[in-house]
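# Results of the structural survey
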Amino acid sequence: MIDWINTYLADNEYFKIRSSGISFFEGKKDYLSTSSVEGTEIVNIEEEISYSKRPSRANMQPTVNSVWFAKMKNTLKVLLADEYLINRTILSTGFCGIELKGIEKDFFYQFLLSYDFNVQKNHLSEGSTQEAINNSKTKNIKIRFPSDLSEQLKISHILGTLDKSITSIEQLIAKYQHIKTGLLHDLLTHGIDEQGNLRSEETHTFKDSPLGRIPVEWEVVSLKKKMIGANGYIQTGPFGSQLHSYEYLIDGAIPVIMPQDINGTSISTEKIARISVLKAKSLVRHIVRENDVIFARRGDVSRIAVISKNQVGWFCGTGCILMRLERDSILYPHWFSYFYKSYLGQNQIIANAVGLMMINLNSSVINGLLIFDVPYVEQVRIVLSMKKIENTIENFEIILQKLTSLKVGLMQDLLSGKVRLPDSIFNLTHIE
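Residues numbered from 1 in each chain as written. Predicted model: local features only at pLDDT ≥ 70, side-chain atom pairs only at ≥ 80, totals over all residues. Heavy atoms only, no water.

Turning next to the overall build of the protein. Helices and strands together make up the secondary structure of the protein, namely twelve helices and 25 strands. Across its three principal directions, the C-alpha atoms of the protein cover 80 × 60 × 50 Å. Evaluated residue by residue, the protein yields a buried proportion of 47% over its 432 residues. For the protein, restricting intrachain contacts to residue pairs at least 6 apart in sequence, the fraction spanning at least 24 positions comes to 74%. Carbon and sulfur atoms provide 51% of the accessible area of the protein, an area that totals close to 22300 Å². (Helix = DSSP H or I, 4+ residues; strand = E, 2+ residues; numbered from the N terminus. Buried < 20%, exposed > 50% of the residue type's maximum accessible area, 1.4 Å probe, protein only. Contact = heavy atoms within 4.5 Å. Areas by Shrake-Rupley, 256 points an atom, 1.4 Å probe, with all protein chains shown as cover.)

What follows deals with helix 9 (residues 343-352). Regarding helix 9, the residues found buried are Leu 344, Gly 345, Gln 346, Gln 348 and Ile 349. On its buried side, helix 9 packs onto helix 5 (149-190), helix 8 (333-341), helix 10 (363-367) and strand 25 (370-373).

With that settled, consider the packing of aromatic side chains. This model, assessed by the stated rule, comprises 17 aromatic pairs. Aromatic side chains Tyr 14 and Phe 145 sit 5.1 Å apart centroid to centroid with 80° between the ring planes, which places their arrangement in the edge-to-face category. Remark: Phe 145 occurs in strand 12 (residues 142-146) and Tyr 14 occurs in the loop between strand 1 (4-8) and strand 2 (15-17); sequence separation between them is 131 residues. Each of the two residues, Tyr 14 as well as Phe 145, counts as buried. Taken together, the aromatic side chains of Tyr 14, Phe 15, Phe 69, Phe 108, Phe 111, Phe 117 and Phe 145 make up a single cluster linked through ring pairs. In this structure, Lys 29 is placed above the aromatic ring of Phe 25, and the distance from its NZ or CZ to the ring centre is 5.1 Å. Arg 54 extends its terminal NZ or CZ atom over the ring of Tyr 51, reaching a point 4.7 Å from the ring centre. (Phe/Tyr/Trp six-rings, centres within 6.5 Å; stacked < 30°, edge-to-face > 60°. Lys NZ or Arg CZ within 6 Å of the ring centre and 35° of its normal.)

Now for unusual backbone geometry. Despite not being glycine, Asn 74 has its phi angle at roughly 60°, a positive value. Backbone geometry places Asn 291, a non-glycine residue, at a positive phi of 75°.

Here we take up the sheet that holds strand 23 (residues 315-316). Within the open sheet, the three strands sit side by side as 20-17-23. Their pairing is mixed. Looking along the sheet, the strands with just one partner apiece sit at the ends: strand 20 (273-275) and strand 23. Summarising the sheet, strand 17 (residues 254-257) and strand 23 pair through two bridges and their orientation is parallel. Within strand 23, the residue paired with Val 256 across the bridge is Phe 315. (Pairing = 2+ DSSP bridges.)

It is worth spelling out the sheet that holds strand 10 (residues 89-92) at this point. Across the sheet, which stays open at both edges, the four strands sit in the order 6-3-10-7 with mixed pairing between neighbours. A single partner strand is all that each edge strand has here, and the edge strands are strand 6 (47-49) and strand 7 (58-60). On average, adjacent strands in this sheet sit at an angle of 50° to one another, irrespective of strand direction. In the sheet, strand 3 (residues 29-32) pairs with strand 6 via three bridges, with the strands oriented antiparallel. Bridging from a neighbouring strand, Tyr 31 pairs with Glu 47 of strand 6. (Axes fitted to C-alpha atoms, helices over the stretch in contact; angles between N-to-C directions.)

So, on to helix 3 (residues 115-124). Turn by turn, an α-helix covers 3.6 residues, leaving residues three or four places apart pointing in a common direction. All of the buried residues along helix 3 are Phe 117, Asn 118, Gln 120, Lys 121, Asn 122 and Leu 124. Buried residues belonging to helix 3 abut strand 8 (66-70), helix 2 (105-113), helix 4 (135-138) and strand 12.

Moving on, we come to the pattern of salt bridges. This structure, assessed with the given rule, holds twelve salt bridges. The residue Asp 163 makes a salt bridge to Lys 407 at a minimum N-O spacing of 2.7 Å. Residue Asp 163 is located in helix 5, and its partner Lys 407 is located in helix 11 (residues 376-414); the two are separated by 244 residues in the primary sequence. Classification of Lys 407 by relative accessible area gives buried; the value is 6%. In this structure, the salt-bridge partner of Glu 326 is Arg 289, at a minimum N-O distance of 3.4 Å. Of this pair, Glu 326 sits in the loop between strand 24 (320-324) and helix 8 while Arg 289 sits in the loop between helix 7 (277-280) and strand 21 (293-296), and the two are 37 residues apart along the sequence. Through salt bridges with shared partners, a single ionic network connects Lys 180, Lys 387 and Glu 390. (Salt bridge = Lys/Arg side-chain N within 4 Å of Asp/Glu carboxyl O.)

Note on placement: Thr 7 falls in strand 1. Residue Thr 7 is classed as buried on the basis of its relative accessible area of 12%. C-alpha of Thr 7 to C-alpha of Ile 275: the two residues are 268 residues apart in sequence and 56 Å apart in space. When near neighbours in sequence (up to four residues on either side) are disregarded, Thr 7 contacts Phe 15, Ile 141, Lys 142, Ile 143 and Phe 145. At 2.8 Å, the side chain of Thr 7 and the side chain of Asp 11 are in polar contact. (Polar contact = N/O pair within 3.5 Å; in protein donor to acceptor, adjacent residues only side chain to side chain.)

Mapped onto the elements of the fold, Thr 138 is located in helix 4. Those residues in contact with Thr 138 that lie beyond four places of it in its chain are Leu 9, Ile 17, Phe 69, Cys 96, Ile 98 and Ile 133.

What follows is the structure, encoded as structure tokens:
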């Protein structure tokens, strides 16, 4: 049975909290401030410095077997001293560094990422302008770790393996987000032909238009003129005295969609307003139905959502605009939502919206929007192509959420010694 040591970071047998001050160096080094780091990654270099010409805060020297964390409250930024950090950088005094003796730095690195450490750090932080922990308070942080160095390594290896998996999934998400951005541009401006191929100027005929080069089969038209149907319309949400009717905590009440509820191209119900059936009688003309399109009228005017089946019967609220497409409409609402959020739509919206302090939309701006007259079936093909890549991203995000939850749970258990994994796991020489 392996013993676990309970102590504090003040324990000089294991820890040395670094004070400010650096050794003379020749040439240049990279200066890293706390804003240079996101999570555990260095995202930018603040500046190149020399010993004689450096900011006053460039005064922390990374050393062998040291781990560094940002002192600010509610900030998770941790760096493990490697060859680059030790030989090529100087850190800001916004970091606290701890040299280790008799404890593996990878284990301690995981401890600094843990919920337990960060709760203690936040509790001990102080300051009037910006709350942060100082060296004196850092000594009061409790830590528990196995006395056996090999056990520390095994625990950190398991957690580190999870870190690598999480990083891999994050990179895949970023990759597919980048692909999505490029694909959306190509699909909106080139489209998909009858054979299911993305058009290009090498294989298809294009022409000039007010919105740039487009397939010869397409036209550019105003939204109202052709696309929403003879009986389609665009209207603003309710105004004035109707505002006081909105309530939030009524069982069985009807949701009312407000601008802040439109999240990307979906509708969040987390804090959605509601209205009683009785009070809703005066708002009948603002009831939404499937495939209606709802816009945020003020603030972030890129917010748009298409009403789904489970949202039928809700209300378009204050600060929103409702667009209803009639059966003779040749506009597929989901295709339109992609176009509207793209630079092709947003450039026009921002140029024509009203208001100085806060941008505001009105029905005239949306009615006058220039869009592509694309065959309905092609609009559907474009949306299906986009949905495929969005589903891929969503699946990766689900995996990422599961891995992150697993990591949090394992950190809680393994770093505290509450749960010990079987020896058969520890005896593995490689963990995938």
